Amino acid sequence: MKNYNHLSQIVITSLPFAATTWLQILRCSYVILTLLLGLNFIVATPAMAANVSGDLLKQPATEITISLGNSANELKFEPNHLEFLAGKRYQLTLTNPSQLKHYFTAKDFADGIWTQKVQAGKVEIKGAIHELELKPGAEAEWVFVPLKSGNYGLRCTIPGHTEAGMTGEIAIKS
């Protein structure tokens, strides 16, 4: 009986220590499990991204036409306010009906989108695009998916064109 009392006394006095030890073990296990799950998502990200982009390529593009200048040689974008939804596919058709060359410059906007392609004539360009130059009578198509919401400035960087009002705004909404 003496041994039993001694053993029960040891168990009772060590119970708080055992409980905190088990809590620490559970916390460590939780942290390890969380890290492993996080690594699983990191590893899966390229496959998921490929699947998402594949779905986006099947999505029909919303077509929007933008005129850089006009036949009266006015220095403006028509329309000069563009609004897009993040995650949706768009095709901008840029035209220049004026007698002057113009630039479609919106670097911060271009950094917040995924460009599928830019097509001008028989040339298709892929990759990061920050500025497009359209010579008189030129036309180009820009297919992209907005990723980052925000408000971005648009302008023609030819000297005097921005100052004359050839500016615009681009909004990407979530």
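Given the structure is predicted, the values throughout are model-derived calculations rather than measurements. (Residues numbered from 1 in each chain as written. Predicted model: local features only at pLDDT ≥ 70, side-chain atom pairs only at ≥ 80, totals over all residues. Heavy atoms only, no water.)

1. Remarks on the confidence of the model for the protein
Note the cut-off: A residue's pLDDT is simply how confident the predictor is in it, with values from 0 to 100. Whether two residues are in contact is decided by their heavy atoms, any of which lying within 4.5 Å being enough.
Across the protein, the average pLDDT comes to 81, with 69% of residues at or above 70. Here residues 28-52 scores under 50 on pLDDT; set against residues more than four positions off or in separate chains, the count is one contact.

2. Details of the nonpolar core
Selection rule: What we call a nonpolar core is a set of buried Ala, Val, Leu, Ile, Met, Phe, Trp, Tyr and Cys residues that are connected through their side-chain atoms within 4.5 Å. The buried label goes to any residue with under 20% of its type's maximum accessible area, the exposed label to any with over 50%, and the partly exposed label to all in between, with areas taken from a 1.4 Å probe on protein chains only.
Of all hydrophobic cores here, the largest spans 27 residues; its most connected members are Phe84, Leu94, Phe104, Phe109, Trp142 and Ile170. Not counting residues within four places of it along the chain, the set of residues in contact with Phe104 comprises Ile66, Leu68, Phe77, Leu92, Leu94, His130, Glu131, Leu132, Trp142, Leu154, Arg155 and Ile170.

3. Let's talk about the sheet that holds strand β6 (residues 113-120)
Short version of the rule: Only when DSSP finds a minimum of two bridges between them are two strands counted as paired. Runs of H or I in DSSP of at least four residues are treated as helices and runs of E of at least two as strands, each being numbered from the N terminus.
A sheet is described by the order of its strands in space; here six strands give the open sequence β2-β1-β4-β9-β6-β7, paired in mixed fashion. With one partner strand each, in any of the chains shown, β2 (77-78) and β7 (123-125) form the two edges of the open sheet. With six bridges connecting them, β6 and strand β9 (residues 139-146) associate as antiparallel partners. Pairing of Trp114 across the sheet is with Val145, part of β9.

4. Observations regarding the pattern of salt bridges
As a reminder of what qualifies: The salt bridge definition used is simple: a Lys or Arg side-chain nitrogen within 4 Å of an Asp or Glu carboxyl oxygen.
This structure, assessed with the given rule, holds seven salt bridges. With a shortest N-O distance of 2.7 Å, Asp111 and Lys107 are connected by a salt bridge. Within this pair, Asp111 and its partner Lys107 are both found in helix α2 (residues 107-111), separated by four residues, close to a single helical turn. Across the pair Glu133 and Lys135 runs a salt bridge, and its minimum N-O distance is 2.8 Å. Taken together, the salt bridges that share partners define one network made up of Glu74, Lys76 and Glu78.

5. Some thoughts on a nonpolar patch on the surface
What counts here: Each patch is built from residues that are more than 30% exposed by relative accessible area and take part in no salt bridge. Like charges join if they lie within 9 Å; nonpolar side chains (Val, Leu, Ile, Met, Phe, Trp, Tyr) join within 5 Å. Note on areas: Shrake-Rupley, 1.4 Å probe, and residue coverage restricted to the protein chains presented here.
On the surface, Leu57, Trp114 and Leu147 cluster together into a nonpolar patch covering about 280 Å² of accessible area. With respect to the helices, strands and loops of the structure, Trp114 is situated in strand β6. Trp114 gets classed as partly exposed once you look at its relative accessible area, which sits at 32%.

6. Details of the packing of aromatic side chains
Threshold: Any pair of Phe, Tyr and Trp rings, taking the six-membered ring for Trp, is counted once the centres come within 6.5 Å. Such a pair is stacked with planes under 30 degrees apart, edge-to-face with planes over 60 apart, and tilted for the rest.
According to the stated counting rule, one finds 10 aromatic pairs in the structure shown. Each ring, one from Phe84 and one from Phe144, has its centre 5.3 Å from the other, and the planes form 85°; the classification is edge-to-face. In this pair, Phe84 is assigned in strand β3 (residues 81-85) and Phe144 in strand β9, connecting sequence segments 60 residues apart. Of the residues examined, Phe144 reaches a relative accessible area of 0% and is grouped as buried. Between Tyr90 and Phe144, the aromatic rings sit 5.9 Å apart at their centres with planes inclined by 25°, giving stacked as the arrangement. Remark: Phe144 occurs in strand β9 and Tyr90 occurs in strand β4 (residues 90-95); sequence separation between them is 54 residues. Residue classification places Tyr90 among the buried residues on the basis of a relative accessible area of 4%. Through a chain of ring-to-ring contacts, three or more aromatic side chains come together here, namely Phe77, Phe84, Tyr90, Phe104, Phe109, Trp142, Phe144 and Tyr152.

7. Concerning the side chain of Thr105
Selection criterion: Pairs of N or O atoms are called polar contacts if they sit within 3.5 Å, as long as, within protein, a hydrogen donor faces a hydrogen acceptor (for residues adjacent in sequence, only side-chain-to-side-chain pairs).
Relative to the elements of secondary structure, Thr105 occurs in strand β5 (residues 102-105). Thr105 sits in the buried class, given a relative accessible area of 12%. Among the polar contacts listed, one links the side chain of Thr105 to the side chain of Glu131, at a separation of 2.7 Å. Those residues in contact with Thr105 that sit more than four places away from it in its chain are His130, Glu131, Gly153, Leu154, Arg155 and Thr157.

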